[in-house]
Amino acid sequence: VRDFAQEERERERGSTKRGSSGPQRKPPRAPPQPQLPQQRSMDRTGAAAETKATPKPAPPKRADVDVTPITVEEYKEKYGEKGEKQDMGRLGPDLDDESLLMKKAVQEKVKQFSKELHRINRQRQEQVKPKPQAKPEPKPNA
């Protein structure tokens, strides 16, 4: 196994010295050239035969575009100065989120409970007789 490894290393060193990395490859072939209608091709017998080229269809016409150029001042007015930060706005909250809807429902319940408690406390205060004000005891001046 060691002999084999040494042979492989020597082979790799030799290929890097030659300038190629790995096994030798054939160069790629050039694509075939299309023949023009005037050229003649040779058939199997060696006799010249005329070839008819099929005409290419014309590309479709482009639609006319009505473009009016704008001035530099109009561009700057629309898009701002170069390097100027543009604020595009925010997306806003997701109002259909289930957790948000639950929070709103709980908040509404607390609000209703608070109103009801306030009403009950007011009724109880009205029912209770007001206590007479206690007079402070006079302190003896000694």
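Residues numbered from 1 in each chain as written. Predicted model: local features only at pLDDT ≥ 70, side-chain atom pairs only at ≥ 80, totals over all residues. Heavy atoms only, no water.

Trainee: What am I meant to see in the overall build of the protein chain here?
Mentor: The number of helices and strands found in the protein chain is three helices and two strands. In the protein chain, the succession of α and β elements from N to C terminus is α-β-β-α-α. In the form shown here, the protein chain has an accessible surface area of approximately 16300 Å², with 54% of it arising from carbon and sulfur atoms. (Helix = DSSP H or I, 4+ residues; strand = E, 2+ residues; numbered from the N terminus. Areas by Shrake-Rupley, 256 points an atom, 1.4 Å probe, with all protein chains shown as cover.)

Trainee: It is not clear to me how the pattern of salt bridges should be interpreted in this structure. Could you clarify?
Mentor: Pairing is possible between side chains that carry opposite charge, provided their charged atoms lie close to one another. Applying the stated criterion across every chain yields a total of two salt bridges. Between arginine 11 and glutamate 8 there is a salt bridge; the shortest N-O distance is 2.7 Å. Of the two residues, arginine 11 and glutamate 8 are both situated in helix H1 (residues 2-18); the distance of three residues between them amounts to about one turn of the helix. Here arginine 119 and glutamate 116 are joined by a salt bridge, their closest N and O atoms 2.2 Å apart. Taken together, the positions of arginine 119 and glutamate 116, both in helix H3 (residues 98-127) and three residues apart, correspond to about one turn of that helix. (Salt bridge = Lys/Arg side-chain N within 4 Å of Asp/Glu carboxyl O.)

Trainee: Whenever I open this one, the packing of aromatic side chains confuses me. Can you help?
Mentor: Ring pairs (aromatic) are described by centroid distance and by the angle formed between their planes. Counted under the stated rule, the structure contains one aromatic pair. Arranged with centres 4.8 Å apart and planes meeting at 45°, the rings of tyrosine 75 and tyrosine 79 form a pair that is tilted. Of the two residues, tyrosine 75 and tyrosine 79 both sit in helix H2 (residues 72-79), four residues apart, roughly one turn of that helix. Here tyrosine 75 falls in the partly exposed class, since its relative accessible area comes to 44%. (Phe/Tyr/Trp six-rings, centres within 6.5 Å; stacked < 30°, edge-to-face > 60°. Buried < 20%, exposed > 50% of the residue type's maximum accessible area, 1.4 Å probe, protein only.)

Trainee: Help me understand H2, please; the structure alone is not making it clear to me.
Mentor: The α-helix advances 3.6 residues per turn, and as a result positions three or four apart in sequence lie on the same side. Burial of H2 is sparse: only zero of the eight residues sit out of reach of the surface. Directly after H2, the chain includes glycine 80, whose backbone phi takes a positive value near 90°.

Trainee: What should I look at first to understand the confidence of the model for the protein chain in this one?
Mentor: Residues of the protein chain with pLDDT of at least 70 account for 78%, and the chain-wide mean is 79. Mean pLDDT values over the elements of the protein chain span from 53, in strand S2 (residues 48-50), up to 95, in H3. (pLDDT = per-residue confidence, 0-100.)

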